[in-house]
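This is what each chain is made of:
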Amino acid sequence: MRTPRAGLAHRFVEDESGAYVIEFAFFGSLFVAVILILFQYAFVHLARQNLDASLQVATRALLTGSFQSSNGATLTPEKTLQNMRALMCGGSNAPVVFFSCDNLKVDVQVSTTSFDTNAWSDSAVDSKSGGWSKSFGQNYQCPGSQSIAIVRAAVKLPLIAPLFLQIGMRNFSDGAVLLQSASVFRVEPYDKSLTGGC
């Protein structure tokens, strides 16, 4: 004959009513983490495609000389780059972006004779501070007719779950990732005397 205490211990050992809760705690959290990782990768992929499409808008304007014509030599490089960011984010041909345009930086450099590999050497992220490099996003060399232009764009993209997306990407110290896009092209001939371009 079992004592009441032994019967209570036996019922406790054989009771499986809480098994589903424990299983959900293990597998449910794993499932939520996988969904979060997939969502984060999809968001980064869409933002990267958006950056490429936005850069194509700027490239097209520089390629034809229309941007140089409307942003003459009297403007400072800072104001010219600000106008380029506005063209990439809010222009009539600009795509809807998945990133904040405040986090967008653009560099425009010119190689007069051939491709300049030094134009690619500057990193957009300062490895010591983990923030933006002081030299990136400050350069605008006006691409003249028939010159070779090198345009680089970079975006600081905050992440929802930064711990899940640290492999293979350059990161800022606050957990955001760096997205980059670049374009190299020869500017078409345009009459700078009529337009005020460079």
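Here, the structure is the one placed above.
The rules we used
- Residues numbered from 1 in each chain as written.
- Predicted model: local features only at pLDDT ≥ 70, side-chain atom pairs only at ≥ 80, totals over all residues.
- Heavy atoms only, no water.
- Core = buried A, V, L, I, M, F, W, Y, C linked by side-chain atoms within 4.5 Å.
- Buried < 20%, exposed > 50% of the residue type's maximum accessible area, 1.4 Å probe, protein only.
- Helix = DSSP H or I, 4+ residues; strand = E, 2+ residues; numbered from the N terminus.
- Contact = heavy atoms within 4.5 Å.
- Expected span 1.5 Å × (residues − 1).
- Arc of directions from axis to C-beta.
- Salt bridge = Lys/Arg side-chain N within 4 Å of Asp/Glu carboxyl O.

Peer 1: Where do I start with the nonpolar core in this structure?
Peer 2: The nonpolar side chains of soluble globular proteins are, as a tendency, buried together. One finds Leu-62, Met-84, Met-88, Leu-104, Val-106 and Leu-179 to be the most contacted residues of the largest nonpolar core, which totals 28 residues. Of all the secondary structure elements, the ones that give two or more residues to this core are α2 (19-64), α4 (77-90), β1 (104-111), β2 (148-157) and β3 (177-186). It is α2 that contributes the most residues to this core, seven residues altogether. Not counting residues up to four positions away in its chain, the partners in contact with Val-106 are Leu-81, Met-84, Arg-85, Met-88, Gly-137, Gln-138, Asn-139, Val-151, Arg-152 and Ala-153. Within the second largest apolar cluster, eight residues are counted, among which are Ala-124, Phe-136, Phe-172 and Leu-178.

Peer 1: Can you walk me through α4 in this structure?
Peer 2: The periodicity of an α-helix, 3.6 residues per turn, causes residues three or four positions apart to be oriented the same way. For α4, which comprises 14 residues, the first-to-last C-alpha distance of 19 Å matches the rise-based estimate of 20 Å (1.5 Å per residue) to within 8%. The complete set of buried residues in α4 reads Thr-80, Leu-81, Met-84, Met-88 and Cys-89. Around the axis of α4, the buried residues are gathered within 165 degrees of arc, so they sit on the same side.

Peer 1: Any chance you could explain the pattern of salt bridges here in plain terms?
Peer 2: Where charged atoms from two side chains of opposite charge come close, those side chains can pair. Summed over all chains, the structure comprises two salt bridges. Residues Asp-107 and Arg-152 are paired through a salt bridge, measuring 3.7 Å at the closest nitrogen-oxygen approach. Taken together, the residues span a long stretch of sequence, with Asp-107 in strand β1 and Arg-152 in strand β2 at a distance of 45 residues. A salt bridge links Lys-156 to Asp-174, with the shortest nitrogen-to-oxygen separation between them at 2.9 Å.

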